[in-house]
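Letter by letter, the chains look like this.
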Amino acid sequence: KNQVEQSPQSLIILEGKNCTLQCNYTVSPFSNLRWYKQDTGRGPVSLTIMTFSENTKSNRRYTATLDADTKQSSLHITASQLSDSASYICVVSDRGSTLGRLYFGRGTQLTVWP
Amino acid sequence: EADIYQTPRYLVIGTGKKITLECSQTMGHDKMYWYQQDPGMELHLIHYSYGVNSTEKGDLSSESTVSRIRTEHFPLTLESARPSHTSQYLCASIAKEDSGNTIYFGEGSWLTVV
């Protein structure tokens, strides 16, 4: 069964600190992996998209890594800000169907304290 | 910024009422989706569409229906709302060629059935 597991489920850090969120998946055949940020009561917003051949991709203070061999991805947030408080969702796409099926993790709820 | 819009954002209706949630995108995307998301939980696919006159049911059993008469418009209808339908509904779209393109989400429609 194709699955996407994220850890930790929730995380509290102090403003200015760094943190790393994890995403493990069993989706096969793998197409790409996306990280999304979802503020409470809002729709998810894209942070990064990583394909099979990409190991690292950065977007401002967000750096995503992908190890397609171990089927693991991480999202590293540098110098956290209060506005980083949100749910971070890992989304994996397969290429076994014409739809390009999307598999969602439950998200990591990040809270940044002043 | 995403050009995908959902209305209404918030709605409280009585049991047995009929409701249509609207979703429109101006990006010319062929693929559109409806997801249901309960607080703190992952997104569940309830309907999707490849293009005009193409609609399919997703993973999560739903008593809702959808239509795709125009590329830009993908409304979701509940013929008879029940309290179990209380949830957040997210509409999304993506360009047809999914080679790592961004999935754009609407802001969501929060439905409460009393």
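Structure: above.
Rules behind the numbers
- Residues numbered from 1 in each chain as written.
- Chains lettered and ligands numbered in written order.
- Predicted model: local features only at pLDDT ≥ 70, side-chain atom pairs only at ≥ 80, totals over all residues.
- Heavy atoms only, no water.
- Disulfide = S-S within 2.5 Å.
- Helix = DSSP H or I, 4+ residues; strand = E, 2+ residues; numbered from the N terminus.
- Buried < 20%, exposed > 50% of the residue type's maximum accessible area, 1.4 Å probe, protein only.

Re the state of the cysteines
- Evaluated as defined, the whole model comprises two disulfides over all chains.
- A disulfide bridge connects C23(A) with C90(A), and the sulfur atoms are separated by 2.0 Å. Here the S-S torsion is close to -70°, and the disulfide linking C23(A) with C90(A) is therefore left-handed. Here C90(A) lies in strand β9 (residues 86-94) and C23(A) lies in strand β3 (residues 19-25), a separation of 67 residues in the sequence.
- We classify C23(A) as buried; its relative accessible area is 0%.
- On the basis of relative accessibility, which here comes to 0%, the residue C90(A) falls in the buried class.
- Through a disulfide, C23(B) is tied to C91(B); the S-S separation comes to 1.9 Å. Residues C23(B) and C91(B) are joined by a disulfide whose S-S torsion is about -75°; by sign, that bridge is left-handed. Of the two residues, C23(B) is situated in strand β3 (residues 19-25) and C91(B) in strand β9 (residues 87-94); the sequence distance between them amounts to 68 residues. C91(B) matches C23(B) in its accessibility class, with the two residues each being buried.
- C23(A) supplies the cysteine sulfur nearest to C19(A), a cysteine that is in no disulfide, at a spacing of 15 Å.
- Residue classification places C19(A) among the buried residues on the basis of a relative accessible area of 5%.

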